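The primary structure of each chain is shown beneath.
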Amino acid sequence: MPRQLHDHWFKEAKREGWRSRAYYKLKAIDEKRRLIRAGDAVLDCGCAPGSWLQYAEAIVGDDGVVVGIDLQEIPPLPSGQVRRIVGDLREIEDDRILAVAEPRRIEAFDVMLSDMAPNTTGHRDTDHLRSLDLCNLVLDRGTTLLREGGHLVMKVFEGSGYPELVERTKAMFEVVRPMRPPASRNVSREMFIVGMKRKGGVKPGTNEPVAGGPPPVPDAWSN
Ligand SMILES: C[S@@+](CC[C@H](N)C(=O)[O-])C[C@H]1O[C@@H](n2cnc3c(N)ncnc32)[C@H](O)[C@@H]1O
């Protein structure tokens, strides 16, 4: 019998109407760090089947907008706050991603999420390297798609390149915290890197800081 049939979080998600057990990962992270707020514009990379969209849309409410991107079909959500783009994040230009938020006009998102995962091979190093590629893609795109002061949640499969990825994230955000929420299976090497308050003065398309000192850190971010 597949493991997920025995899984507590899988059963909970089914019972509560969430599209995936991943719902509880974002919920745990956001409840600790308070990243998403009412009225926010949220970009969800690798969003299918859509449980993070469900979580985010409830928090942003009627004044917010959530844009989800995935290689796979994304079943529509009943609320009008969610926009969907089917495609490869690598190939979708910023202008299209921003325009899909209309009628809300945004120059960048308040929060960027990535639960993107490569097709796993079962070979640890290969899966880790592919996951790193996706994370580096997210950081690259975040330099233009995430506003100064905005927040990031990004999944990675841990491995030898993990410390370097954390360092790269630290170059972009005032505060960086790794988190492994309870719904991440014990056997999984997945970790979530939470970047809070994107630094200002990072040249678009690069990680080169050009200005700005660290602002005060809220309590919810401190450990
Ligand atoms: C673990 S699932 C996401 C689950 C989602 N957070 C939820 O709550 O329903 C990972 C997704 O990342 C997507 N993905 C992987 N690489 C991608 C890419 N380059 N562009 C867009 N989506 C990608 C996959 O198609 C897959 O649906």
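Just above, that's the structure.
One structure accompanies this document, and this report is about it.

Parameters at a glance
- Going along each chain's sequence as written, the residues are numbered from 1 onward.
- Note on the predicted model: pLDDT of at least 70 is required for a residue's local features to be given, and 80 or more for side-chain atom pairs to be given and counted; whole-chain, interface and lining totals, by contrast, use all residues.
- Only hydrogens and water are removed before side-chain values are computed, so all heavy atoms of the structure are retained for them.
- Numbered from the N terminus, helices here are DSSP runs of H or I no shorter than four residues, and strands are runs of E no shorter than two.
- Any N or O atom pair separated by 3.5 Å or less is treated as a polar contact, with the protein-specific requirement of one donor-capable and one acceptor-capable atom, and with residues adjacent in sequence counted only for side-chain atom pairs.
- The criterion used for residue contact is that any of the two residues' heavy atoms lie within 4.5 Å.
- Note on classification: 1.4 Å probe, protein chains only; a residue is buried when its accessible area is under 20% of the maximum for its type, exposed when over 50%, partly exposed between these limits.
- Think of a nonpolar core as a cluster: buried Ala, Val, Leu, Ile, Met, Phe, Trp, Tyr and Cys residues, connected wherever their side-chain atoms sit within 4.5 Å.
- Only heavy atoms are used to decide nearness, and a residue is near a molecule or strand if one of them lies within 4 Å of it.
- Accessibility throughout is a Shrake-Rupley quantity obtained with a 1.4 Å probe, and a residue counts as covered only by protein chains that appear here.
- Whether two aromatic rings pair depends on their centres lying within 6.5 Å, for rings of Phe, Tyr and Trp, where Trp uses its six-membered ring; planes under 30 degrees apart make the pair stacked, over 60 edge-to-face, and the rest tilted.

**A few points about the side chain of D40**
Here comes step 1: Tracing the sequence through the fold places D40 in the loop between α2 (23-33) and β1 (41-45).
Here comes step 2: In terms of polar contacts, D40 uses its side chain to reach the backbone amide nitrogen of R37, at 2.8 Å.
Here comes step 3: The residues contacting D40, other than those within four sequence positions of it, are L35, V60, G64, V65, R104, D110 and V111.

**Re helix α3 (residues 51-60)**
Here comes step 1: Summarising burial for α3: 8 of the 10 residues are buried, a large majority.
Here comes step 2: Residues of α3 that are buried: S51, W52, L53, Q54, Y55, A56, E57 and V60.
Here comes step 3: Positive phi shows up at G61, right after α3, with a value of about 70°.

**Examining the environment of D63**
Here comes step 1: Tracing the sequence through the fold places D63 in the loop between α3 and β2 (65-70).
Here comes step 2: A C-alpha to C-alpha distance of 4.6 Å links D63 and G39, two positions 24 residues apart in sequence.
Here comes step 3: Residues within four places of D63 in sequence aside, it is in contact with G39, Q81 and R104.

**Brief notes about the nonpolar core**
Here comes step 1: L43, I97 and F109 are the most contacted members of the largest nonpolar core, which has 35 residues in total.
Here comes step 2: Ranked by the residues each element gives to this core, the list is headed by helix α5 (residues 124-145), at 7 residues.
Here comes step 3: With 28 residues, the next largest nonpolar core counts L35, V42, L53 and Y55 among its residues.

**Overview of the site of the ligand**
Here comes step 1: The local shell around the ligand holds 20 residues, among which G50, S51, D70, D88 and D115 are the closest.
Here comes step 2: In this structure, a nitrogen atom belonging to the ligand sits 2.8 Å away from a side-chain N or O atom of D115.
Here comes step 3: For the ligand, whose unbound accessible area comes to 610 Å², protein coverage reaches 88%.

**Quick look at the packing of aromatic side chains**
Here comes step 1: In this structure the tally under the stated criterion is 5 aromatic pairs.
Here comes step 2: Plain terms: the ring middles of W9 and Y24 are 5.2 Å apart, the flat faces sit at 45° to each other, and that makes the pair tilted. In this pair, W9 sits in helix α1 (residues 8-16) while Y24 sits in helix α2, placing the two residues 15 residues apart along the sequence.
Here comes step 3: Overall, Y24 belongs to the buried group, its relative accessible area being 9%.
Here comes step 4: Pairing W52 with F192 gives two aromatic rings, centres 6.0 Å apart and planes at 40°, and the pair type is tilted. Placement of the pair is W52 in helix α3 and F192 in strand β7 (residues 190-198), with a sequence separation of 140 residues. The two residues W52 and F192 agree in class, both being buried.
Here comes step 5: The structure contains a cluster of three or more aromatic residues connected by ring pairs, namely W9, W18, Y23, Y24 and Y55.

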